[in-house]
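Descriptive analysis of the structure
Spelled out from the first residue to the last, the chains are:
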Amino acid sequence: MSGFRIAKGGLINREQTLDFTFDGRKYQGVKGDTLASALLANGVRIVGRSFKYHRPRGVWGVWFDDPNAIFDLTLKDVSLPNCPATTTHLVEGMSARAVNAYPSAQFDIKGVFDRFHRFMPAGFYYKTFKWPHWHLFEPVIRKMAGLGHLGSEIIEGYQSEQHNIRCDLLVIGGGPAGLAGAQAAAQAGQSVILVDDHPEFGGGLYRRSKDIEGVKPAQWVARQCRAIEAAGGRLMPATTAFGVYDHNMVALAQDKGFGLAPTLWRVRAKRILMATGATDRPVTFANNDRPGVMSLDGALEYLARYGVLVGRKIAVLSNNSFVEPAAEILRRAGGEVRVLDATQGQAKALGNKVLHGVEMNGQRFDCDTLLASSGLTPVVHLWRHAGGKLDWDENLAAFIPGKAPDNMRAAGAANGTFDLDNALSEARAKAIGAPVPKQKSTYRITPLWPKPDAKARQWIDFQHDVTLKDIELAARENYASVEHLKRYTTLGMASDQGKTSNMTGLAAMAALQGRSIPEVGTTTFRPPFVPVPIGLYGGARRGQLFNPLKRLVLEDRHRAAGAALGEYGGWLRPGWYGARDITREVLRARNAAGILDASPLGKIEVMGPDAASFVNFIYYNTISTLKTGCIRYGFMLTEGGIVYDDGVIARLADNHFVISCSSSHVESVTAALESWRQDGNDPDRIFIHDCTQNWPTVTVTGPKAREIMAQLDLSIDLADFPHMTWRETRFKQAAARVARVSFTGDTSYEISVPVDKVHALWDAVILAGKPLGAGPIGVEALSVLRAEKGYIIVGKDTDGEVMPHDLGFAIPRAKKTAAFVGDRGLHTDNANREDRRQLVGLRVPDGAVALATGAHLVEKSASGLHSIGVVTSSYNSPSIGQPIALALVEKGTERMGETLTIWHMDQQNTATVVSPVFLDPKGARLNAG
Amino acid sequence: MQQFPCPFCGLRNEQEFHFAGEAGKIRPDTTRKVSAADWADYLYTQKNTMGEVREVWMHSPCAEIFILRRDSVSMAVLGVEQLRKNKP
Ligand SMILES: [Zn+2]
């Protein structure tokens, strides 16, 4: 037992006790404790095991600077892995388990790894497991590695709120500098937000244990907070600024309590004042990872904030002028304190599992706690996120903020201003843009960096077990750049991201290479500053809201008819109706009529004086010759000549067209049209409107389609309504557009009406169709119907290499004289190749089953089998009575009648190349009626 | 997260915008002979300038296409230009 709770003091409430367990043992803490402070108050020393060697680990720091105490936490039915014990507040009934330790941190079976440490230097995994293949070893290693265990239960209601706010000045850090700056700015009339990651403001003020501007710290803090709020400022405690992004956006994670999703605040600040303080650097000496070796500032903070004295017999090992006042504070609290000058010799921590003493220059001092500080490191992460530069300050032996990012300033300890009075005046001046008075620092430090070629193991990264020897090895093997050093040794890649280890690690590299620290430089600082749940970024964008489906106006009718609704191209559409029987629906359409909700089909209007030449440019096919009232099938290409979309275009008037693109391409086609319209054309002479959702569409297709149409209140002369024409008419006193165009190979009518008329239309069509044997069909039946006719689906039967002449549409390529999108792309060497893949049909031998979609067509060559094509669509065709398939095959049209080998999952079958049009090649059905 | 000024809507978050390409590329007149090299240049060659760039962007909600001048290193927005010619 070493640490204990002192009788009074701190920001805790001793009256309110909280029971909790750690690795199965019962403990008691108080309101205001973190898990770490509660364990230290109970004298617990070992709180975890290191990642690689499973060495015992004690609490090192007090807040985000602790690399060691990481717990899996359970409270009632909520389990969260990898919670830092230093920043997680204790809750009654909490149960904590050290990660990476089995069965407990105190007794860890894998601790045996430590005995073999000489076999596991940096790069051990890279060097050892590369033969024959890393993947052989990976599963076992992954199992041994990793930290906590993820619970299998999803936490009910765990969803982050997300808010956007703005302000004139965002002050990050609610210590003395931040409070002073925020108050000055708020009183000067700025809108100010002050954030601090602790639940109470004050930062490092409490640990000094001295009055500030004539009052006690707590009083001063309260006074500042009142003044900020009175001037209209906003205080956000328990809120971590974890990233600075482009254009002055700062991301904040606001703690909502254990098991509740934090709230994300995106702050757009005109200016940012960074007052994030500084942390203690560890001292690098032999066995410096022993539980009981701690941060000096951390010990002061445990005392001031949580009323915990971390040890009884305390040695302080340091190199700077802040040590004596610190030692005095600890003495007054009841500690027996001895100060050792770390620059006067090599220290060695004694004790096997936990610390028993320290040896230096042949002398031995018994102690239960060793507080080590090799100086203060300003917390400059956010400064670097924003693109600010760092300067090396010789006097402080630290990197401090250098050239500032636009609209960002640093003040207080974060800026290397360690004296309190100086920090206050600096923050007040910078908050209102006033000149900063010149001031003198009282901080004195004798630089103290890792000394290479020491015998014993000296830890640099406590969590990832990176020792000074590993850095030496990396230097020897020329992983000398800090970025290489980091990845080779995993230095700073633990969950604390090197907050305690990076500075000493790069100082060690500098010493090894005889370079200066600024020459070696730092690794890149990236958000998030502390770990945050992934759900914080996602917020409500999950489940249905992740990618909301478009819904049909007729969804209620489909549901009532027993439709199986599924996602098709971003729409929730009927796949089929009733029990899954696609054959029944296909035959219904072929023998009587199918009734299909075709509302998602694109309806993009193009109008204006230049509309005709515009669509002629957009389309592969010649559109200028299309007559009013007529419809033409065609392709849109990319500039590379690749088929981008297919569909029909109708000419409604000289200057008015409707482009009916694929259902799933409406947004992208509209954007492409807009792009050509505004960039390259006069946008005042062409207008583009996507009216897809204004005109729901019901399609009637099949031999009885015309009979059904005749019963509808449409006033169209069906006798004079040929295939590929359209009529503008009225339905129930509203405008209606009827197109005779087919995606099935049978006579089809697409009837589009305004949204409020489509229920009446659907009901009328169903009613008229029923006595004739017609009924609704879903998208699955449509896919079969169109394949039977050899109609392609772009993106399914085509890929990123298919050009129109591969699909049998070669005439515009040869003949069209006007410029069009993709024209030159159709005449490259690649486009002219003789062995291009072309669309064909495939028939299997009698009795064989349907081919697998995606199966390869293969040929033997000297080196074995090679692919000459791929099956793009394959169905059991009810109309043909046997399986059919579409495929892209090299020189496909030359191979008609050839029998090819089909390879799929190590099985080989055969199929014969045929025309892709299986049904009605002459088009008699299409033009019937 | 960056913010871009749409000439039509004003300052909006970057997720609402789509990059369309580097500005200043002229489509070759394809009714005349265009060499393979010129066509490939038009399709694929990007200046990818480090520093000040002129780019074509689209603001998706209003479909306005405009030229954005920005610094590709600092991410600073330097200005926008409308594509539309000013008409009386
Ligand atoms: Zn806009």
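Summary of the structure given here. (Residues numbered from 1 in each chain as written. Chains lettered and ligands numbered in written order. Predicted model: local features only at pLDDT ≥ 70, side-chain atom pairs only at ≥ 80, totals over all residues. Heavy atoms only, no water.)

Next up on the list: the overall build of chain A. Regarding its fold elements, chain A presents 22 helices and 49 strands. Its C-alpha atoms give chain A a radius of gyration of 37 Å, more than 25% over the compact-globule value 30 Å for 929 residues. Counted over contacts in chain A with a minimum sequence separation of 6, partners at least 24 positions apart contribute 66%. Carbon and sulfur atoms provide 53% of the accessible area of chain A, an area that totals close to 39200 Å². Separation of charge centres in chain A, based on 105 positive and 95 negative side chains, amounts to 3 Å. (Helix = DSSP H or I, 4+ residues; strand = E, 2+ residues; numbered from the N terminus. Rg over C-alpha atoms; globule rule 2.2 N^0.38 Å. Contact = heavy atoms within 4.5 Å. Areas by Shrake-Rupley, 256 points an atom, 1.4 Å probe, with all protein chains shown as cover. Lys, Arg positive; Asp, Glu negative; His and termini not counted. Charge placed at Lys NZ, Arg CZ, Asp CG, Glu CD.)

Here the focus is the nonpolar core. Residues and elements named next belong to chain A. Judged by nonpolar contacts, the single largest core of 65 residues is most densely connected at Phe 20, Phe 22, Leu 35, Phe 71, Tyr 302 and Leu 371. Contact partners of Phe 22, with chain neighbours within four places excluded, come to Tyr 27, Leu 39, Val 44, Ile 46, Val 47, Phe 71, Ala 96, Arg 97, Ala 98 and Ala 105. One finds Leu 596, Val 794, Met 803 and Tyr 875 within the second-largest nonpolar core, a separate group that totals 32 residues. (Core = buried A, V, L, I, M, F, W, Y, C linked by side-chain atoms within 4.5 Å. Buried < 20%, exposed > 50% of the residue type's maximum accessible area, 1.4 Å probe, protein only.)

Here the focus is the coordination of the zinc ion. Residues and elements named next belong to chain B. In this structure, Cys 6 (SG), Cys 9 (SG), His 59 (ND1) and Cys 62 (SG) serve as the protein donors to the zinc ion, at separations of 2.0 to 2.3 Å. Taken together, the four donor atoms coordinating the zinc ion and their angles of 106 to 117 degrees define a geometry best described as tetrahedral. As a motif over one chain, the donors of the zinc ion read C-x2-C-x49-H-x2-C. Within this pair, whereas Cys 9 is found in the loop between strand S1 (3-6) and strand S2 (10-13), its partner Cys 62 is found in the loop between strand S4 (52-59) and strand S5 (64-71), the two being separated by 53 residues in sequence. Take Cys 9: its relative accessible area is 38%, and that puts it in the partly exposed class. Classification of Cys 62 as partly exposed rests on a relative accessible area of 23%. (Donors = N, O, S within 2.8 Å, 3.2 Å for Na, K, Ca; no water. Tetrahedral: all angles 85-135°; square planar, octahedral: opposite > 155°, others 65-115°.)

Residues and elements named next belong to chain A. Two elements in contact, helix H6 (residues 296-306) and helix H7 (residues 323-332), have axes separated by 11 Å at closest approach and are oriented at 35 degrees. In this structure, the crossing between H6 and H7 has a hand that is left-handed. Residue-level inspection shows Leu 296, Leu 300 and Leu 303 of H6 in contact with H7, the latter providing Val 323, Ala 326, Ile 329 and Leu 330. In the contact of H6 with H7, the residues fall into seven nonpolar, no polar and no charged. (Axes fitted to C-alpha atoms, helices over the stretch in contact; angles between N-to-C directions. Left-handed = near helix turned anticlockwise from the far one by under 90°. Nonpolar A, V, L, I, M, F, W, Y, C, P; charged D, E, K, R; others polar.)

These figures come from the coordinates and say nothing about function on their own.
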